[in-house]
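Take a look at the letters that make up each chain.
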Amino acid sequence: MVKEYLVKGDVCVPGKVMVADGMTIRQVIEAAGGMADGKNFKAVQIGGPSGTLLCADQLDLSLDAKTLAPFGFRRGDSVITVLDEGRCIVDAVDRFMKQTQTDFCGKCVSCREGTRRITELFDALMNGSLNEDGFQLLLDIAEMVSVTGFCALGKGVYDTLKNAYQFFPEEFHAHMGGSCALCAADTRPPVEPGNIPYDRRRIVIDPSLCRGCSRCARSCHAEAIFGVIKSPFTIDQKKCVKCFTCMDLCAFGAIREEEIDG
Ligand code: SF4
Ligand code: SF4
Ligand code: SF4
């Protein structure tokens, strides 16, 4: 099976890449022209703002749900954001968290209020006024949102932060200490998460790929998916809140994100 991803960030040729079964993360980055400006790879976020953050240790793993499950893999909005060695991971995760707060649907109190508190604490971390206790609170709230959030968007919040802290603890501690050498040295525009503005995306089911298994409909908390078993299902765009839960679940790759009028 082949899946389309948008690869962006610090690669030579940002754009759409067709990812076939078995392709490694390194091969996906090479398909996007490799790392830009001769810089070394640092980290990659797969699946948009509340996706999965991985580092160089995972470069030769296959980009598939089974292989990456231990890292909290989530295909999400099919965007892969590549970061080079000059990027500050705290700044990148701050942007991912803020985008998640923009994207959430608001159904769950924990996600709605938790992501708001997370962005406030990240603001403090970025300006050097968050101490160790405050950072532990940030981790605890992100974990709480992941445990109690209904859909994959909320559940993915913690994995990005947890992985980033596990892989690059020194950068978080530099921010807690009030100074980050990477932030001071990197004068480039930041790599922003996401791709298509939220109100210009829609999630659709390809009738030629849908087997009518109903798994997506049973998982949609917005009750936006309809159909008859063994026939193609459809998504009611008025009800869909674009949480990507169904896209992550469909075993047949039948659900994709597309740009409205694009
Ligand atoms: S349904 Fe998902 S996106 Fe909406 S508030 Fe709950 S966890 Fe967040
Ligand atoms: S999970 Fe996939 S195959 Fe099953 S009904 Fe939904 S779109 Fe169709
Ligand atoms: S149709 Fe899919 S993306 Fe839309 S609300 Fe339901 S599960 Fe989420």
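Residues numbered from 1 in each chain as written. Chains lettered and ligands numbered in written order. Predicted model: local features only at pLDDT ≥ 70, side-chain atom pairs only at ≥ 80, totals over all residues.

Around ligand 1, the structure places 14 residues, and the nearest of them are C108, C111, G149, C151 and G154. Mapped by element, the contributors of at least two residues to the shell around ligand 1 are α4 (109-126) and α6 (152-155). Here the residues of the shell around ligand 1 are counted per class, giving 8 nonpolar, 4 polar and 2 charged. (Near = placed C-beta within 6 Å. Helix = DSSP H or I, 4+ residues; strand = E, 2+ residues; numbered from the N terminus. Nonpolar A, V, L, I, M, F, W, Y, C, P; charged D, E, K, R; others polar.)

Taken domain by domain, the protein chain comprises domain 1 (2-84), domain 2 (89-185) and domain 3 (199-259). The interface of domain 1 with domain 3 comprises 6 residues on the first partner and 5 residues on the second. Here the residues of the side of domain 1 that touches domain 3 are counted per class, giving no nonpolar, 2 polar and 4 charged. (Domains from an automatic or database assignment. Contact = placed C-beta atoms within 7 Å.)

This part is about the pairing of strand β1 (residues 2-9). Inspection of the sheet shows β1 paired to strand β2 (residues 15-20) by 6 bridges, in the antiparallel sense. Of the residues in β2, the one forming a bridge with K3 is V19. Pairing analysis gives 4 bridges linking β1 to strand β5 (residues 79-84), with the strands arranged parallel. Bridge pairing in β5 places K8 opposite T81. (Pairing = 2+ DSSP bridges.)

Pairing in this open sheet of 5 strands is mixed, and the strands run β2-β1-β5-β3-β4 from one edge to the other. The sheet is open, and its two edges are formed by β2 and β4 (52-55), each paired on a single side. In this sheet, neighbouring strand axes are inclined to one another by 30° on average, regardless of whether the strands run parallel or antiparallel. When strand β3 (residues 41-46) meets β4, the two strands line up antiparallel, connected through 4 bridges. Within β4, the residue paired with Q45 across the bridge is L53. Together, β3 and β4 form the strand contacts of helix α7 (residues 157-167), whose direction differs from that of β4 by roughly 20°. (Axes fitted to C-alpha atoms, helices over the stretch in contact; angles between N-to-C directions.)

So, on to helix α3 (residues 89-103). For α3, which comprises 15 residues, the first-to-last C-alpha distance of 21 Å matches the rise-based estimate of 21 Å (1.5 Å per residue) to within 8%. Taking burial as the measure, the 15 residues of α3 include 12 buried ones, the bulk of the element. All of the buried residues along α3 are I89, V90, D91, A92, V93, D94, F96, M97, Q99, T100, Q101 and D103. (Expected span 1.5 Å × (residues − 1). Buried ≥ 20, exposed ≤ 12 C-beta atoms within 10 Å, placed from the backbone.)

This part covers the site of ligand 2. Every one of the 13 residues lining ligand 2 counts as a neighbour, but C210, C213, C216, C250 and A254 are closest to it. When its residues are assigned to classes, the shell around ligand 2 shows 9 nonpolar, 2 polar and 2 charged.

Here the focus is unusual backbone geometry. Excluding glycine, a negative phi dihedral is what most residues carry, and trans is how most peptide bonds are arranged. Positive phi is not limited to glycine here, since D37 has a value of about 60°. Within the element layout of this structure, D37 appears in the loop between α1 (25-31) and β3. Looking at D37, the number of C-beta atoms within 10 Å reads 9, which means it is exposed. Its identity is not glycine, yet E223 carries a phi of approximately 50°, on the positive side. On the secondary structure map, E223 appears in the loop between α10 (215-219) and β7 (225-226).

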